[in-house]
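In case you want the letters, here they are:
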Amino acid sequence: MKQIGFGGGCHWCTEAVFQSLVGVSEVTQGFIAPEGQGDDFSEAVVVGYDTDQIDLRTLIEIHLLTHNSTKNHSMREKYRSAVYVYDTKTFNIALAILQDLQKDFTEPLITRVFYFGQYKYSEEQFHNYYYSNPQKPFCERYISPKLALLQKRFSKVMIDNTQ
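Cut-offs applied
Residues numbered from 1 in each chain as written. Predicted model: local features only at pLDDT ≥ 70, side-chain atom pairs only at ≥ 80, totals over all residues. Heavy atoms only, no water. Pairing = 2+ DSSP bridges. Helix = DSSP H or I, 4+ residues; strand = E, 2+ residues; numbered from the N terminus. Core = buried A, V, L, I, M, F, W, Y, C linked by side-chain atoms within 4.5 Å. Buried < 20%, exposed > 50% of the residue type's maximum accessible area, 1.4 Å probe, protein only. Phe/Tyr/Trp six-rings, centres within 6.5 Å; stacked < 30°, edge-to-face > 60°. Lys NZ or Arg CZ within 6 Å of the ring centre and 35° of its normal. 1 Å grid on protein atoms, 1.4 Å probe; cavity = no way out; pocket = protein on both sides within 12 Å on 5 of 7 lines; lining within 4 Å. Points joined across faces, edges and corners; volume = space filled by probe spheres on them. Nonpolar A, V, L, I, M, F, W, Y, C, P; charged D, E, K, R; others polar. Salt bridge = Lys/Arg side-chain N within 4 Å of Asp/Glu carboxyl O.

Peer 1: So what about the pairing of strand β5 (residues 112-121)? Which residues, and what values?
Peer 2: Note: strand β2 (residues 24-34) against β5, five bridges, orientation antiparallel. What sits directly across from I32, in β5, is Y119. Pairing analysis gives four bridges linking strand β4 (residues 82-85) to β5, with the strands arranged parallel. If you follow A82 over to β5, its bridge partner there is R112.

Okay, here's the thing in structure tokens:
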């Protein structure tokens, strides 16, 4: 199992996206600070995944499509658009994937690759937020449309969570 971190939007949304994928064995939500940036935490998730079932390119592509990966906005400090890696090899691979995926976007990607620094878990009451509360207005408004998009574009890697 490999691990990677993703940040870009609310960790409730990001958690639900990655929990919905085949090959993802664990998603923890919280706050990540890049290596060397002290207490510069932003909302993010850590994803444990099986490379035999889902590849890093697919994970990054899904991440880019499920948050605003081309726009800076007033909440960008709290919702840093990022991929957090644990080693130099993955850092270089993630950079190459982002450069290649840029062709699929009309505006420049703002998503950056960082080395994973520090992590703080979010409050327990928010863990597994979407799958514990799918009818809540926030979930219906923000998360369900992301999962519908994934079902259309990435159905081969989606888990059937409707049971």
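Read on, since the account is not over.
Peer 1: Tell me about the nonpolar core, residues and numbers included.
Peer 2: In terms of nonpolar packing, the biggest core is built from 40 residues, with F6, F18, L21 and I60 touching the most fellow members. In this structure, I32, V46, Y84 and F114 belong to the second largest nonpolar core, which totals seven residues.

Peer 1: Describe the packing of aromatic side chains, with residues and values.
Peer 2: Counted under the stated rule, the structure contains 12 aromatic pairs. With a centroid separation of 3.8 Å and 15° between ring planes, the pair formed by W12 and Y129 is classed as stacked. Here Y129 lies in helix α4 (residues 129-132) and W12 lies in helix α1 (residues 11-19), a separation of 117 residues in the sequence. Y129 carries the same exposure label as W12, and that label is buried. Centre to centre, the rings of W12 and F138 are 5.1 Å apart; their planes meet at 85°, and the pair counts as edge-to-face. Residue W12 is located in helix α1, and its partner F138 is located in helix α5 (residues 137-153); the two are separated by 126 residues in the primary sequence. A relative accessible area of 16% places W12 in the buried class. The class for F138 is partly exposed, based on a relative accessible area of 25%. These aromatic residues form a ring-pair network of at least three members: W12, F126, Y129, F138 and Y142. Just above the ring of F41 sits the side chain of K120; from NZ or CZ to the centre is 4.3 Å.

Peer 1: Pulling in residues and values, what's your account of the layout of surface pockets?
Peer 2: To find leftover empty space, a probe the size of one water molecule is rolled over the atoms. Estimated volume of the second largest pocket: approximately 180 Å³. Lining the second largest pocket are 13 residues, with G8, G9, C10, H73 and Y79 positioned closest to its centre. Residues of the lining of the second largest pocket, tallied by class, amount to six nonpolar, five polar and two charged.

Peer 1: I'd like to hear about the environment of Y129, residue by residue, with values.
Peer 2: Using a relative accessible area of 9% as the deciding quantity, one classes Y129 as buried. Residues Y129 and Y142 lie 13 residues apart in sequence; the distance between their C-alpha atoms is 12 Å.

Peer 1: Residue-level account of the pattern of salt bridges, with values.
Peer 2: Using the criterion set out here, one finds five salt bridges in the structure. Between E43 and K78 there is a salt bridge, with its nearest N and O atoms 3.4 Å apart. In this pair, E43 is assigned in strand β3 (residues 42-49) and K78 in the loop between α2 (56-65) and β4, connecting sequence segments 35 residues apart. For K78, a relative accessible area of 37% puts it in the partly exposed group.

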